[in-house]
Amino acid sequence: MSLGLNKLLTAILPILPKAFVGLFARSYVAGETAEAALTVAQKLNSQGFDATLDILGEHVKSAEEAASIADAYAGLYHEIARLDLNANISLKPTHLGLDIDYDTCKRNLFKVLDAAAETSNFLRIDMENSPHTDDTLTLYQHSLERYPRVGPVLQAYLYRSTEDLARLMSSPLNFRLCKGIYRESPDIAIQDRAAINENFLGLLRQSFEGSAYIAIATHDQDLIRQSEELIRVMDIPISRFDFQVLYGVPMDGTLEVLRDRGYKVRIYIPFGEAWYAYALRRAQENPNLVGYIFSNFVRRITTRAAN
Ligand SMILES: Cc1cc2nc3c(=O)[nH]c(=O)nc-3n(C[C@H](O)[C@H](O)[C@H](O)COP(=O)(O)OP(=O)(O)OC[C@H]3O[C@@H](n4cnc5c(N)ncnc54)[C@H](O)[C@@H]3O)c2cc1C
């Protein structure tokens, strides 16, 4: 869809009834409760997919709320262990109070990290927009000193990612590579889609040349094919990477093909009461998303009608 149409849809989104927006958002969010997300994770596990769970929310301004989010994440690790799920957690630093101050966030993050350690699980620290990049990478490095099973995210659209990757690879590294979802200035971020893909593959090669573990996070089928080709040419063992996608994004059977080739595939499952505010904010930040979601919705309806 054209950017103009995406912007128009984005502008009218806040005045549409919440239930109507829910029609679109529902396929991308597991539900409002942890139980709903755990049930989805269980189902995906039974189909041979791993999961990562994310409580929706960000930019928390109250210390009490940030602490209670940390408790919820810690509880989630124990639920994952109790149900013996193949699932870990992804979280956003501003959900744990990074907008309040660094120390509040670090304290909350360490609480979550301790629960990850108690249950021998992994924690992924998502990457937010560029004002948070330095703090997030510092939080990651402090976390690594406390518990080794933690990893950051690098965004292929940021020019700085090549240097960040080189620096982070001086310690054992498990990172997620994605294109980047926020709108960033041309001074710091590549704007051209083909050039972002090129940088994505460059970063992938850079990490394969070292010893990092890489979560290849994209729905872009060409990029998945090119990543697979790189893996083949460089003879990279499957223990070095997995593929990751967001729950609900139509992949036309690609996930099953990847799984059947023996690759690990992990699905990112967001859940929580904050889905509506989250959907609106994300839409404002990236009008293309509204276009994706709308075209996917139409595609689902027409496929259903044709069957
Ligand atoms: C597991 C995972 C974790 C991520 N974590 C982060 C993070 O921590 N920080 C960050 O900045 N970004 C994160 N992202 C988002 C990422 O940076 C991209 O913005 C997003 O994945 C879209 O880029 P793409 O690589 O899928 O390619 P695109 O070319 O943008 O998309 C390819 C196709 O995928 C579909 N699609 C893509 N995204 C969506 C969506 N949200 N809803 C519906 N359909 C969609 C569309 O059909 C589109 O045509 C994550 C993505 C994934 C898969």
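See the structure shown above.
On a predicted model such as this, the values are computed, not experimentally measured, just so you know. (Residues numbered from 1 in each chain as written. Predicted model: local features only at pLDDT ≥ 70, side-chain atom pairs only at ≥ 80, totals over all residues.)

S.K.: Looking at this structure, how should I read the overall build of the protein?
M.R.: Across its full length, the protein holds 12 helices and 9 strands. Looking at the 307 residues of the protein, the share that counts as buried comes to 36%. Summarising the internal contacts of the protein: among those between residues at least 6 apart in sequence, 73% fall at separations of at least 24. (Helix = DSSP H or I, 4+ residues; strand = E, 2+ residues; numbered from the N terminus. Buried ≥ 20, exposed ≤ 12 C-beta atoms within 10 Å, placed from the backbone. Contact = placed C-beta atoms within 7 Å.)

S.K.: Explanation requested: the packing of helix H4 (residues 63-82) against helix H5 (residues 102-118) in the structure shown.
M.R.: Angle between the axes and distance between the axes: these two values describe a pair of packed helices. Across the interface, H4 lies against H5 with an axial gap of 8 Å and an inter-helix angle of 10°. Relative to H5, the element H4 lies roughly parallel. Once H4 is placed against H5, the crossing between them reads as right-handed. On H5, the residues that touch Ala-63, Ala-66, Ala-67, Ala-70, Tyr-73, Ala-74, Tyr-77 and His-78 of H4 are Thr-104, Asn-108, Lys-111, Val-112, Ala-115 and Ala-116. By residue class, the composition of the contact of H4 with H5 is 10 nonpolar, 3 polar and 1 charged. (Axes fitted to C-alpha atoms, helices over the stretch in contact; angles between N-to-C directions. Parallel < 35°, antiparallel > 145°, perpendicular 65-115°, else oblique. Left-handed = near helix turned anticlockwise from the far one by under 90°. Nonpolar A, V, L, I, M, F, W, Y, C, P; charged D, E, K, R; others polar.)

S.K.: Teacher, can you tell me more about the site of the ligand here?
M.R.: In the region of the ligand, 24 residues are neighbours, and Asp-126, Cys-178, Ile-181, Thr-218 and His-219 sit closest. Elements with a contribution of two residues or more to the shell around the ligand: strand E5 (153-155), strand E6 (174-178), strand E8 (241-246) and helix H12 (287-306). The biggest single contributor to the shell around the ligand is H12, with 4 residues. For the shell around the ligand, the per-class residue count stands at 14 nonpolar, 6 polar and 4 charged. (Near = placed C-beta within 6 Å.)

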